[in-house]
Every structure is written in structure tokens, then in C-alpha cells.
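If you want the building blocks of each chain, they are given just below.
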Amino acid sequence: MAYDLLKGKRGIIFGALDNSSIAWKVAEKAHEEGATFTLSNAPIAMRMGEINKLGEQCGAEIIPADATSIEDLENLINKSTEVLGGKIDFILHSIGMSPNVRKGRDYGNLNYDWFQKSLDVSALSFHKVMQTAEKLDAMNEWGSILALSYIAAQRTFPDYSDMAQAKAVLESIARSYGYRMGRSKKVRVNTISQSPTMTTAGSGVPGFDLFFKYGQDMSPLGNADGESCADYCVAMFSDLTRMVTMQNLMHDGGFSTSGITHEILEQLK
Ligand code: NAI
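Residues numbered from 1 in each chain as written. Predicted model: local features only at pLDDT ≥ 70, side-chain atom pairs only at ≥ 80, totals over all residues. Heavy atoms only, no water.

Draft legend 1. Here's a closer look at the packing of helix H1 (residues 22-32) against helix H10 (residues 226-237). It is the contact of H1 with H10, at a shortest axis distance of 8 Å, that shows an interaxial angle of 55°. As judged from the angle between their axes, H1 and H10 are oblique. Between H1 and H10 the crossing geometry is right-handed. Seen from H1, the contacting residues are Ile22, Lys25, Val26, Lys29 and Ala30; seen from H10, they are Gly226, Glu227, Cys229, Ala230, Asp231, Cys233, Val234 and Phe237. Looking at the contact of H1 with H10 residue by residue, the class counts come to eight nonpolar, one polar and four charged. (Axes fitted to C-alpha atoms, helices over the stretch in contact; angles between N-to-C directions. Helix = DSSP H or I, 4+ residues; strand = E, 2+ residues; numbered from the N terminus. Parallel < 35°, antiparallel > 145°, perpendicular 65-115°, else oblique. Left-handed = near helix turned anticlockwise from the far one by under 90°. Contact = heavy atoms within 4.5 Å. Nonpolar A, V, L, I, M, F, W, Y, C, P; charged D, E, K, R; others polar.)

Here you go:
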């Protein structure tokens, strides 16, 4: 059911790769709620062509951008304000990639060039998006900017590797830039820390199926799925959450504050 929560709002959604992507589901819900937006992804990801279907479905223009390239981001933000006919009200950063995870490097044998790539793609890109939007004066007052994080920023999960550091940096950038954007533009900046979700990025982590099952059994509500994450993102872009900023918001069915659950106890018997 739609409530017109984003009626009249303009946005940029990064990171829809295929219909399992969290960003894909956010785009569908934002469209249902009356928003207009552009879709962006790395030029290499466009080759799969899946995003074109989403563009058609949502009436959204697709503008490629490598989120680590300032030039690409300037082009994207300028074109988006042009195509959408005004400044931006919301941005979703739904981007993550670690070459070390992808190539199965052990945490004690990391390739440091790849480590820097993980940080650049998964964390610094969030700063770059906001700095570029600020320099171009592209955000509307009372806008909302979100990135997606994972609890490995606070707690150790074997095999999440250097993505844990990337998420810690990402969450810290949300606080520092949230302060700045709040003062200058009344724009709020938050991260949503999402349960394990069956997507391309998620299932790239070794042992993901077990991660997923553990999350399911350790959360009184079970894992939050991509659809419910999209609902939360829409709520965070809407005017109903205007005073929430500089937060890492747990969207995890209760995982982060559960000590142990009956499901896990049963398995230990
Ligand atoms: P996904 O694989 O569908 O999305 C990741 C996106 O990042 C892809 O669309 C990819 O093309 C894009 N990307 C990679 N490098 C890029 C670059 N240089 N420039 C622009 N885009 C680039 O997977 P998912 O799960 O939807 O990931 C979205 C976000 O959610 C990521 O930040 C991820 O870490 C986060 N997250 C995912 C969880 C999961 O279990 N799937 C759990 C918690 C957070």
C-alpha cells in the first residue's frame, strides 16, 4: 500500500544491479510513493543491462557513474538536477565491494592496494557523493541522505574481512558529514545497518548462507529482508523523520541487542 510519502521529492539512487539488490527494491518503493529519481551504477555494472528494466518500470533516467570518480559524480549530480527539474531531496548510497573478499584473500594476507580500493568504493565514495553535492549546491533543505552498513563495523565477523573497516569508516563519515550538512542545509545523513540479505554483494561473502542462518536464529523477528529495508529507507527519505540525523540505525530484527535466543540454545543442546 502506498501513502504518497515521497510525493514531489527528487532523488538519486545508487547501486541497483539486479532485482535482488537492496537499491532496486528502494527504487520500486520510492516510485510507488511518488518520488522521481535518477538511477546510477558503475559503468561496468551497466553492461548486464538489468538496470534498464528498472529504469523503464520507474520512469527513471539511468546515469552511469563510478562512485569513486569526482568527475563522474559531478556529471551525475548536474544531469540529475537537470533531468528532475530541481534540487535533490534524497540520495541512497547502496554501494559496496571488496576485491580482497571477492578474491578470497585471508585477513592475514590482504593485498593493500585492494584494501584501499575497498575503502574507496565502499566508504570514501559516500564522502565524495556528499562533497560533490555540497559543492554543486544540489541538495534541497530538509533533504535526507542514506548509506547501507553492516554490524561488522562494530563486531567482528570472520570472512567479512576489510569490509568491516570500510563500514566503520562509512558510519563515521555519516556522522561527520551529517554535522556539516545539518548546519548548512538542514540535510540529515544516516546509515542503516541491515541484516544479511540475499544479494550479489551479500552472497559474495564466504559462508554467507551460515551468516544468514545465524542472523535468522539470533533475531527475535528474524532477518530483515530487502523489502523491509526499502520500507525503512522510504521512511527515512520522507518528512516523517526530519529530526533523525548522524545515526547508525539498526535494521536487523533485534539481532544487535539479543544476547542469545531459544533457537540458538536449542541447537547447542
Ligand atoms: P548489490 O551487489 O546488489 O549492490 C552493490 C552495488 O555496488 C552494485 O550495484 C555494484 O554495481 C555497486 N558498485 C560497486 N562498485 C561501484 C562503484 N565503483 N561505483 C558505483 N557503484 C558500485 O548488493 P546489496 O546487498 O544490495 O548491497 C548494497 C549495500 O548494502 C552495500 O553497501 C552492502 O555492503 C550493504 N549491505 C548488504 C548486506 C547484505 O547482506 N546483502 C547487509 C548489510 C549491508
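Now that the structure has been shown, the text picks up again.
Draft legend 2. The pattern of salt bridges, seen in detail. Scanning the entire structure with this criterion turns up 11 salt bridges. A salt bridge links Lys128 to Asp120, with the shortest nitrogen-to-oxygen separation between them at 2.9 Å. A salt bridge links Asp239 to Arg242, with the nearest nitrogen and oxygen atoms 3.9 Å apart. By relative accessible area, Asp239 is classed as partly exposed at 39%. Taking relative accessible area as the criterion, Arg242 reaches 35% and is therefore assigned partly exposed. (Salt bridge = Lys/Arg side-chain N within 4 Å of Asp/Glu carboxyl O. Buried < 20%, exposed > 50% of the residue type's maximum accessible area, 1.4 Å probe, protein only.)

Draft legend 3. How the structure looks around the side chain of Ser40. Its place among the elements puts Ser40 in strand E2 (residues 36-40). Take Ser40: its relative accessible area is 0%, and that puts it in the buried class. A distance of 2.7 Å separates a polar side-chain atom of Ser40 from the backbone oxygen of Ile63. The residues touching Ser40, leaving out its near neighbours within four places in the chain, are Ile13, Phe14, Gly15, Ala16, Met46, Ile63, Pro64, Ala65 and Leu76. (Polar contact = N/O pair within 3.5 Å; in protein donor to acceptor, adjacent residues only side chain to side chain.)

Draft legend 4. Representation of the packing of helix H6 (residues 112-135) against helix H7 (residues 163-185) in the model. Two numbers describe how H6 lies on H7: the axes approach to 9 Å, and their chain directions differ by 10°. Between H6 and H7, the interaxial angle falls into the category roughly parallel. Residues Phe115, Ser118, Leu119, Ser122, Ala123, Leu124, Phe126, His127, Met130, Gln131 and Glu134 of H6 form the contact with H7, whose participating residues are Met163, Gln165, Ala166, Val169, Leu170, Ile173, Ala174, Tyr177, Arg180, Met181 and Ser184. Residues that form the contact of H6 with H7 fall into these classes: 14 nonpolar, six polar and two charged.

Draft legend 5. Structural detail: the sheet that holds strand E1 (residues 10-14). Pairing within the open sheet is parallel, and its six strands lie in the order E2-E1-E3-E4-E5-E6. Lying at the two open borders of the sheet, with one neighbouring strand each, are E2 and strand E6 (248-251). Sheet twist, expressed as the average angle between the axes of neighbouring strands with direction ignored, equals 20°. Judged from the five bridges that link them, E1 and E2 form a sheet pairing that is parallel. Residue pairing in the sheet places Arg10 in a bridge with Thr36 of E2. (Pairing = 2+ DSSP bridges.)

Draft legend 6. Main features of the site of the ligand. Around the ligand there are 27 residues in total, and Ser21, Asn41, Lys167, Thr197 and Thr199 lie nearest to it. Note that an oxygen atom of the ligand is positioned 2.9 Å from one of the backbone N or O atoms of Ala201. Contact with the protein chains hides 93% of the accessible area of the ligand, taken as 820 Å² for the molecule alone. Secondary structure elements with two or more residues in the shell around the ligand: strand E4 (139-149) and helix H8 (200-203). Tallied by class, the residues present in the shell around the ligand amount to 13 nonpolar, 12 polar and two charged. (Near = heavy atom within 4 Å. Areas by Shrake-Rupley, 256 points an atom, 1.4 Å probe, with all protein chains shown as cover.)

Draft legend 7. Geometry of the packing of aromatic side chains. With the rule as written, the count across this model stands at nine aromatic pairs. With centroids separated by 6.2 Å and ring planes inclined at 45°, the aromatic side chains of Phe208 and Phe212 adopt a geometry described as tilted. You can see Phe208 and its partner Phe212 sitting in helix H9 (residues 208-217), four residues apart, about one turn around the helix. According to the relative accessible area criterion, Phe212 is partly exposed, its value standing at 23%. Through a chain of ring-to-ring contacts, three or more aromatic side chains come together here, namely Tyr150, Phe157, Tyr160, Phe211, Tyr214 and Phe255. Above the plane of the ring of Trp142 lies Arg242, whose end atom (NZ or CZ) is 4.6 Å from the centre. (Phe/Tyr/Trp six-rings, centres within 6.5 Å; stacked < 30°, edge-to-face > 60°. Lys NZ or Arg CZ within 6 Å of the ring centre and 35° of its normal.)

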